[in-house]
Structure formats: structure tokens, C-alpha cells
Amino acid sequence: MRENKPRNGKKSLISIVLSIVILIIGGIYAYRNYQVSLLNEEINTINTSGKVNSEIKSSGKYGEVEKALKDYVREYQAVAKKASDTVNNGELLNILSIDNIKKDGPEFVESKKLLVALREQCDEVKTKLPEMITNEYKEKKATESGLSGKYKDLFISNIQLDGELQTVNKSIDKINNYFGKIEEVLNFLTEHKDSWNTSDTNVQFTNMSLVTQYNSLISSLNIAAKF
């Protein structure tokens, strides 16, 4: 008569294999969730503060998404900065200095050319930024970064720059208003070029009415400069 062998050993082996498989699957999900949380933390920081940490916190495909997002936001911010850079232009800062008034007045040809160029720079920013936040532009950047599928979707959907765009546009409007006030002063000096001269430190007009008008223009300019 044939004796049946116990199967406990086989069952134990199957249980061990299943346990290992479950642990592996659990580890994969835990790893993925951890990477997603790292990525989301960086995205939240960018969306709430606009600050971009140069360190890539996540890894694998999520690290690739994080790097692509940070590169994109830095590109956006670099374009936006071109507008604020206009008000720090060295020639602009000295445009109403007594030295420039002596050199470029009374027609102020070079000074007015500078204002045109700076306005154009701001207008380019105002045109470029809305293009950069479209899904079409984001898709292009995602493709350039080698992202596809759900990782491409993560890139496109997570960074929201609409609020920042509104802030930049308001700043540009204030900057252009400031340029306009400078131009008003220059035009006033050109219009009344026969009624003023310069000393070592300031502009001197031939009558008080012009002094009052000029001071009013300067006062409006100083208010516009507070942006």
C-alpha cells in the first residue's frame, strides 16, 4: 500500500512566496507614494511662494517630472524678470539727472529712444508670459524633457501660474505708467526749451508758472515710481 506524503512543506513554500510578492508590491506602492509626496511638496512650495528649490527631492520618473517643472518655472520667472529689470536700467535711473538734461536736452532724442526700447521690452514680456502658461506650451516643454503618459499629465496639470501672471501684468502696467510720467517731463522740457536753462544742480525756469507745472510733473512722477 502506497503512503501519502505530507504537503505542509509545499504549502509553507507557497505562503512564503506569496508573502514575498505582497511585500514587494507593498514596497513598490510605498516607494511610489513617497515619491509622489515629495513631488507634491515641491509643487505646493512653488505654487504658494514662487520659490524654486534647486535640489531635486524625488527620484526616478517623478524626479524627471520635478526637474522639468522647476526648469519650466525658472524659465517663466526669467522672462518675467525682464520687465522688472527695465526700472533698474542704469540709463533710466539717470534720465532726469542734471548731467543727462544738459547732454541730451532739450530734444532728449536718446532718452526718448530708451523709453521706447524699455516699453517694448515690457510688451514682449506681457506677450510671452500668457503663451508660456498655455497647455500647448507646457506639452511642448514636457515633450522636450522626455515626459510622456501620466508623467506628462503631471507636468501639465500641477503648476498654476495664472495668479503670478496677473501680478506681473499689474507690475508692467505700473512700470509703463512710470515711463509715461518720465516722458511727460521730457516733453514738457522740450516744449518749453526756450524758457529754462541749467545750473550745476538743477533746472531753472524763467517764470514761476513753469516752475509750478514742472514741480507738479515731478510730483506725479515720484508717485508713479512707488510700485
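Above this text you will find the structure in question.
Quick summary incoming for the structure in this document. (Residues numbered from 1 in each chain as written. Predicted model: local features only at pLDDT ≥ 70, side-chain atom pairs only at ≥ 80, totals over all residues. Heavy atoms only, no water.)

Quick notes on the overall build of the protein
For step 1, the next point in the chain: What the protein contains, in helices and strands, is 9 helices and 2 strands.
For step 2, the next point in the chain: Each helix and strand of the protein, placed in order from N terminus to C terminus, yields the pattern α-α-α-α-α-α-α-α-β-β-α.
For step 3, the next point in the chain: Buried residues in the protein amount to 33% of all 227 residues.
For step 4, the next point in the chain: Once local pairs closer than 6 in sequence are excluded, the contacts in the protein between residues at least 24 apart make up 70%.
For step 5, the next point in the chain: When the accessible surface of the protein is summed, it comes to about 14100 Å², and 52% of that surface belongs to carbon and sulfur atoms. (Helix = DSSP H or I, 4+ residues; strand = E, 2+ residues; numbered from the N terminus. Buried < 20%, exposed > 50% of the residue type's maximum accessible area, 1.4 Å probe, protein only. Contact = heavy atoms within 4.5 Å. Areas by Shrake-Rupley, 256 points an atom, 1.4 Å probe, with all protein chains shown as cover.)

Comments concerning the packing of helix α2 (residues 60–86) against helix α8 (residues 162–191)
For step 1, the next point in the chain: Interaxial distance between α2 and α8 falls to 9 Å at its minimum, and their mutual angle equals 20°. Relative to α8, the element α2 is oriented roughly parallel. Relative to α8, the crossing made by α2 is left-handed. Every residue of α8 that contacts α2 at Tyr 76, Gln 77, Ala 80, Ala 83, Ser 84 and Thr 86 is listed here: Glu 164, Leu 165, Val 168, Ile 172, Ile 175 and Phe 179.
For step 2, the next point in the chain: By residue class, the composition of the contact of α2 with α8 is 8 nonpolar, 3 polar and 1 charged. (Axes fitted to C-alpha atoms, helices over the stretch in contact; angles between N-to-C directions. Parallel < 35°, antiparallel > 145°, perpendicular 65-115°, else oblique. Left-handed = near helix turned anticlockwise from the far one by under 90°. Nonpolar A, V, L, I, M, F, W, Y, C, P; charged D, E, K, R; others polar.)

Some details on the environment of Lys 181
For step 1, the next point in the chain: Examined against the element boundaries, Lys 181 turns out to sit in helix α8.
For step 2, the next point in the chain: Sequence separation between Lys 181 and Ile 223 is 42 residues; the distance between their C-alpha atoms is 9.6 Å.
For step 3, the next point in the chain: When residues no more than four places from it in sequence are discounted, the contact partners of Lys 181 are Ser 220, Leu 221 and Ala 224.

Re the packing of aromatic side chains
For step 1, the next point in the chain: For the coordinates displayed, the defined rule picks out 7 aromatic pairs.
For step 2, the next point in the chain: In this structure an aromatic cluster arises from ring pairing among Tyr 72, Tyr 137 and Phe 155. (Phe/Tyr/Trp six-rings, centres within 6.5 Å; stacked < 30°, edge-to-face > 60°.)

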